[in-house]
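So you can see what is in the structure, the chains are spelled out below.
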Amino acid sequence: MKPGAQLVVVANRLPVKQIPDPDNAADFVWGVSPGGLVAALTPSLASYDDVAWVGWTGHIGVEMTERFRHDNMELIPVALTEDEKELHYDGMSNGTFWPLYHDKVRAPEFHRTWWDGYKLINRRFAEAVADAAAPNARVWIHDYQLQLVAGLLRETRPDLRVGFFLHIPFPPPELFNQLPWRTEITSALLDNDVVGFQTPDDAENFSRLAVGLGLASSEGKWALSADGRSIEVRAFPIGIDEETVAYKAKQHGVTTGASDLRAQLGNPRVVMLGVDRLDYTKGIDVRLRAFGELLAEGKLSSHDATMIQVAEPSRDKVNAYVDLRERVERLVGAINGAHGRLGFPVVHYLHQSRPFEDLLALYRAADVMLVTPFRDGMNLVAKEYVASRPDESGVLVLSEFAGAATELTDAVIVNPYDLNGLKAAIMSAVNMDPAEGRHRMRALQATVRHNDAVTWARSFLAALDAT
Ligand code: F6P
């Protein structure tokens, strides 16, 4: 066996992705990959030596296949053809697992061709991992796109210690059991030594499923036994790099960026903000409707309230995302048409991916942060907002269906399915007594600081070492 890395991380995307070079359309440059997975994992791996990261480049035609170094890690690209991307990424991952695992907010589709593509690509990732890992190395598999990798590794590299972390929710068996391939997925997940989830509820859903399907038996609250092996199954709530976010948020450029922004908006009394991937799970439409109704009822006025919605383009080949974009843009147009003034739209909508420094300026400029998903694994935007408020001002409105609500109990917690409740929550955030706001923000900051990205990664890897 040839030498390899001591820790191999495997995720659908590499931490950087190929994006078109603005100066040369035929070429590409590297940009940061989207999503909470990369935001949390990249800083948490900084203190580990000898790490390889296996992932897809999100290619744009100039396919990169050679290994390269980045941020002290060896990056190992896995290439996908357009057809394979359609089956594995657009199809099985984002047309089946994503909606199924998010409470069926949209109907999942079950297609045998997608499943075949999913198996093929999982095998390709598993082969890349087997090739990259040193004898007895640790392998850390991430997310729903790669649920079969552990099963395949157990056949070819039984020497490896293998753990899996799911960044999105895990549904109750009553939903999961609709999946035609429920046994294959559950068995492959049981081939890990540790299976980690965002919340205790997610972990319990998985244990209940595995026992219910007769594939494992319970070994106490957070452990299962299958094929004579013990598997740790529990929550490892993901965090952010709180120290860096808090530090960057205090820098001069960010502070002046935030006050310039407020000035550009006409210095309204209240700036509300949403920052999400443009995804139907995030409840962007429901928060726009709530804002629109509050304006129509005169509870808020366009002279003193402004909303900014950053919606990062996402999964634009999947129909449900195309429909959502149309719906959100129609709502933004309708609200601005009814309530905007010349030169002063009341909703500022950016369908763009913004650099993190710009997001920090937005976080600093926002009095009320709206995080209202119908279902979300954790939601790190909520934690980033909290970490970027050095003066302890600002109110977080947070959906009870985000994993973050388990920890961030001092936010204004809402049910996004209850429009009147959401409107009332927005008004209570807008009118919150500053002393109460500071009290809540201080408590939220302590929570985010205590359970940061490094703590998350260390506790997962310690659990893996202990197996
Ligand atoms: O955390 C969920 C997740 O799907 C990650 O796996 C992914 O990297 C991120 O969101 C962004 O999604 P996508 O890779 O589909 O753009």
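Up top is the structure.
Cut-offs applied
- Residues numbered from 1 in each chain as written.
- Predicted model: local features only at pLDDT ≥ 70, side-chain atom pairs only at ≥ 80, totals over all residues.
- Heavy atoms only, no water.
- Helix = DSSP H or I, 4+ residues; strand = E, 2+ residues; numbered from the N terminus.
- Buried < 20%, exposed > 50% of the residue type's maximum accessible area, 1.4 Å probe, protein only.
- Polar contact = N/O pair within 3.5 Å; in protein donor to acceptor, adjacent residues only side chain to side chain.
- Contact = heavy atoms within 4.5 Å.
- Pairing = 2+ DSSP bridges.
- Right-handed = clockwise from strand over helix to strand, strands pointing away.
- Near = heavy atom within 4 Å.
- Salt bridge = Lys/Arg side-chain N within 4 Å of Asp/Glu carboxyl O.
- Axes fitted to C-alpha atoms, helices over the stretch in contact; angles between N-to-C directions.
- Phe/Tyr/Trp six-rings, centres within 6.5 Å; stacked < 30°, edge-to-face > 60°.
- Lys NZ or Arg CZ within 6 Å of the ring centre and 35° of its normal.

Structural notes on the side chain of threonine 186
Move 1: Checked against the element boundaries, threonine 186 lands in helix H6 (residues 182-190).
Move 2: Judged by its relative accessible area of 0%, threonine 186 falls in the buried class.
Move 3: Among the polar contacts made by the side chain of threonine 186, one reaches the main-chain carbonyl oxygen of arginine 182 at a distance of 2.6 Å.
Move 4: If we ignore the near neighbours within four places in the chain, the residues touching threonine 186 are Phe176, Phe206, Leu209, Ala210, Leu213 and Leu215.

A word on the pairing of strand E17 (residues 395-399)
Move 1: By the criterion of burial, E17 is predominantly enclosed, with five of the five residues buried.
Move 2: Taking every second residue as pointing to the same face, both faces of E17 are buried, with Val395, Val397 and Ser399 on one and Leu396 and Leu398 on the other.
Move 3: Two elements, strand E16 (residues 368-371) and E17, share four bridges in a ladder whose sense is parallel. For valine 368, the partnering residue across the bridge sits in E17 and is valine 395.
Move 4: You can see the chain leave E16, run along helix H13 (residues 380-387) and come back into E17, and the turn it takes is right-handed.

Side note on the site of the ligand
Move 1: The immediate surroundings of the ligand are formed by 13 residues, with Arg13, Tyr89, Asp143, Tyr144 and Arg315 found nearest.
Move 2: Here an oxygen atom of the ligand sits 2.6 Å away from a polar atom, N or O, in the side chain of arginine 13.
Move 3: Taking tyrosine 144, its side chain carries an N or O atom lying 3.1 Å from an oxygen atom of the ligand.

Structural notes on the pattern of salt bridges
Move 1: Applying the stated criterion across every chain, the model contains 34 salt bridges.
Move 2: A salt bridge links lysine 119 to aspartate 116, with the shortest nitrogen-to-oxygen separation between them at 3.7 Å. Of the two residues, lysine 119 and aspartate 116 are both situated in helix H3 (residues 112-132); the distance of three residues between them amounts to about one turn of the helix.
Move 3: Residue lysine 119 is classed as partly exposed on the basis of its relative accessible area of 37%.
Move 4: Using a relative accessible area of 44% as the deciding quantity, one classes aspartate 116 as partly exposed.
Move 5: A salt bridge links arginine 354 to aspartate 358; the nearest nitrogen and oxygen atoms lie 2.8 Å apart.
Move 6: Accessibility expressed as a relative area gives 33% for arginine 354, which makes it partly exposed.
Move 7: Among the charged side chains, a salt-bridge network with shared partners connects Arg67, Arg69, Glu74 and Asp131.

As for the sheet that holds strand E15 (residues 347-350)
Move 1: Across the sheet, which stays open at both edges, the six strands sit in the order E15-E14-E13-E16-E17-E18 with parallel pairing between neighbours. The outermost strands of the open sheet, each flanked by one partner alone, are E15 and strand E18 (412-414). With direction set aside, neighbouring strand axes in the sheet form an average angle of 20°.
Move 2: Contacts from helix H10 (residues 284-296) reach strand E13 (270-277), strand E14 (305-312), E15 and E16 within the one sheet, and its direction differs from that of E14 by about 165°.

As for the packing of aromatic side chains
Move 1: For the coordinates displayed, the defined rule picks out 23 aromatic pairs.
Move 2: With a centroid separation of 6.3 Å and an interplanar angle of 75°, the aromatic rings of tyrosine 363 and tyrosine 385 are classed as edge-to-face. In this pair, tyrosine 363 is assigned in helix H12 (residues 356-365) and tyrosine 385 in helix H13, connecting sequence segments 22 residues apart. Across this residue pair, the class does not change: tyrosine 363 and tyrosine 385 are buried.
Move 3: Through successive ring pairs, a cluster of aromatic residues spans Phe97, Tyr101, Trp115, Tyr118, Phe170, Phe176, Trp181, Phe197 and Phe206.
Move 4: When the ring centre of tryptophan 98 is taken as reference, the NZ or CZ atom of arginine 315 above it lies at 4.1 Å.

A few points about unusual backbone geometry
Move 1: For arginine 315, which is not a glycine, the phi torsion comes out positive at approximately 45°.
Move 2: Note on placement: arginine 315 falls in the loop between E14 and helix H11 (319-339).
Move 3: You will see that glutamate 392, though not glycine, has its phi angle at about 65°, which is positive.
Move 4: By the secondary structure assignment, glutamate 392 is in the loop between H13 and E17.

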